[in-house]
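In case you want the letters, here they are:
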Amino acid sequence: LLQNVDTTQEWEADGRWETLILKVYNTEIEDNLRRLPTLRRLLEGLGGSVPTAMVSVLRPGGHIRPHFGYYNGVLRYHLGLLVPKAPEPPLRLGIRVGQRYATWRLGQPLMFDDCYEHEVWNQSDGERIVLFLDVVRPLPGIYAVIN
């Protein structure tokens, strides 16, 4: 069901990051959506404003190395579905975007611009599972058409 993220990428997480891709570049992955009917209904309601959607699992000890996206037409949205408790400080479960640090909270959204360098780590004892969406960046006038 889950797929390991390609370990040839510069940002891979040593086999500790897996995804279940639901939609990529507005193409739905029917077999995966069939397994998650609630998420399917959610994505149908969002239409083309969400071109990419997946469930992202980062296992304990995982570290997605610093990287950045190449397309600034979307914003990245994470929704915490399973978030282990991790004592702080230090931040044992977190994300760095540019010079800002954050962590996930169960049922709470986290949105960021992935064109900024970012990295993710899980030094907790449990899996971190988030709903991962790319949301079309709201732009005015002709820029929205081009995007």
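Throughout, a residue's number is its position along its own chain's written sequence, starting from 1. Restriction of local features to residues with pLDDT of at least 70 applies here, the model being predicted, together with a cutoff of 80 or more for giving and counting side-chain atom pairs; totals for whole chains, interfaces and linings are based on all residues. Side-chain figures throughout are based on the complete set of non-hydrogen atoms in the structure, without hydrogens or water.

Caption draft 1: How the structure looks around the overall build of the chain. Broken down by element type, the chain carries 3 helices and 11 strands. Where helices and strands are cited, they refer to DSSP runs of H or I of at least four residues and of E of at least two residues respectively, numbered from the N terminus. Secondary structure of the chain in N-to-C order comes out as β-β-β-α-α-β-β-β-β-β-β-β-β-α. Between buried and exposed lies partly exposed: a residue is buried under 20% and exposed over 50% of the maximum accessible area for its type, with that area taken using a 1.4 Å probe on protein chains only. A burial count over the chain gives 44% of its 147 residues as buried. Here the chain has roughly 8500 Å² of accessible surface; of this, 56% comes from carbon and sulfur atoms. In this description, accessible areas are obtained by the Shrake-Rupley approach with a 1.4 Å probe, and a residue is regarded as covered only by the protein chains that are shown.

Caption draft 2: Focus on the environment of Thr 52. Secondary-structure assignment places Thr 52 in strand β4 (residues 52-58). Contact between two residues is taken to exist if any of their heavy atoms lie within 4.5 Å; hydrogens are not considered. Leaving out residues up to four positions away in the same chain, Thr 52 has contacts with Lys 23, Val 24, Tyr 25, Phe 132, Leu 133 and Asp 134.

Caption draft 3: Region of interest: the pairing of strand β11 (residues 128-136). With 7 of its 9 residues buried, β11 lies for the most part within the structure. By the bridge criterion, 7 bridges tie β4 to β11 in an arrangement that is antiparallel. The partner of Ala 53 across the bridge, within β11, is Leu 133. Only strands joined by at least two bridges in the DSSP assignment are considered to pair. As paired strands, strand β6 (residues 74-82) and β11 are joined by 8 bridges and run antiparallel to one another.

This is a description of form; function is not addressed.
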